[in-house]
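Examining the three-dimensional arrangement
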Amino acid sequence: MSLARKALPDLTFPESLWKTDWVVYSKPAVQGADKVLTYLARYVHRIAITNNRILSLKNGDVTFRYKDSQKHRWRTMNLSTAEFIRRFLQHVPPRGFHKVRHYGLLHPANRARGSDDYRKS
């Protein structure tokens, strides 16, 4: 608790966070730490949208391609510039934080599991 408060003095944490008994379980890396860092590095520095997915910028609108996760096909969307920037900024983590996607609890294979399953292990 003191390390978190020292590292982030301007952030107020909810008291319920400190009352939860967190169980952290991690297996040793079978192939070594270098392999784990190489794997994680692919996800930490990803960007929200690449330039080649932005198709056009006209009359204050942005047209871009995105993948429909339910139909597994590429589609296009047209948004106002302000809405595009608003959505883009939702993917920017606070200063000092890195985004890691599709790893551990966030991996798609774990979506079907309820949150209670994690507390029991």
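Structural data are supplied above this passage.
Just so it is clear, the structure is predicted and the values come from calculations on it, not from any experiment.

Moving on: the pattern of salt bridges. For the coordinates displayed, the defined rule picks out 3 salt bridges. With a shortest N-O distance of 2.8 Å, Glu83 and Arg87 are connected by a salt bridge. Here Glu83 and its partner Arg87 are both found in helix α4 (residues 81-89), 4 residues apart, which amounts to about one turn of the helix. Exposure remark for Arg87: the relative accessible area of 34% places this residue in the partly exposed category. Salt bridges sharing common partners tie together Glu83, Arg86 and Arg87.

Quick look at the pairing of strand β3 (residues 73-80) now. Pairing of strand β2 (residues 61-68) with β3 involves 8 bridges; the strand directions are antiparallel. The residue bridging Arg65 from the neighbouring strand is Thr76, located in β3. From the end of β2 to the start of β3, which pair antiparallel, there are 4 residues, and His72 there has a positive phi angle of about 55 degrees.

A separate point is the nonpolar core. One recurring pattern in soluble globular proteins: nonpolar side chains tend to sit buried together. Within the largest apolar cluster, 5 residues are counted, these being Ile49, Val62, Phe64, Leu79 and Phe84. Sequence-distant contacts of Val62, that is, excluding residues within four places in its chain, are made with Ile54, Ser56, Leu57, Met77, Asn78, Leu79, Thr81 and Phe84.

In the structure shown here, the tally under the stated rule is 2 aromatic pairs. Plain terms: the ring middles of Phe64 and Tyr66 are 6.5 Å apart, the flat faces sit at 55 degrees to each other, and that makes the pair tilted. Assessed through its relative accessible area of 23%, Tyr66 is described here as partly exposed. Three or more aromatic residues joined by ring pairs make a cluster, and in this case those are Phe64, Tyr66 and Phe84. Lying across the ring of Trp74, Arg65 places its NZ or CZ 4.4 Å from the centre.

What counts, and where the lines are drawn
- Residues numbered from 1 in each chain as written.
- Predicted model: local features only at pLDDT ≥ 70, side-chain atom pairs only at ≥ 80, totals over all residues.
- Heavy atoms only, no water.
- Salt bridge = Lys/Arg side-chain N within 4 Å of Asp/Glu carboxyl O.
- Helix = DSSP H or I, 4+ residues; strand = E, 2+ residues; numbered from the N terminus.
- Buried < 20%, exposed > 50% of the residue type's maximum accessible area, 1.4 Å probe, protein only.
- Pairing = 2+ DSSP bridges.
- Core = buried A, V, L, I, M, F, W, Y, C linked by side-chain atoms within 4.5 Å.
- Contact = heavy atoms within 4.5 Å.
- Phe/Tyr/Trp six-rings, centres within 6.5 Å; stacked < 30°, edge-to-face > 60°.
- Lys NZ or Arg CZ within 6 Å of the ring centre and 35° of its normal.

Purely geometric stuff here, so don't read any function into it on its own.
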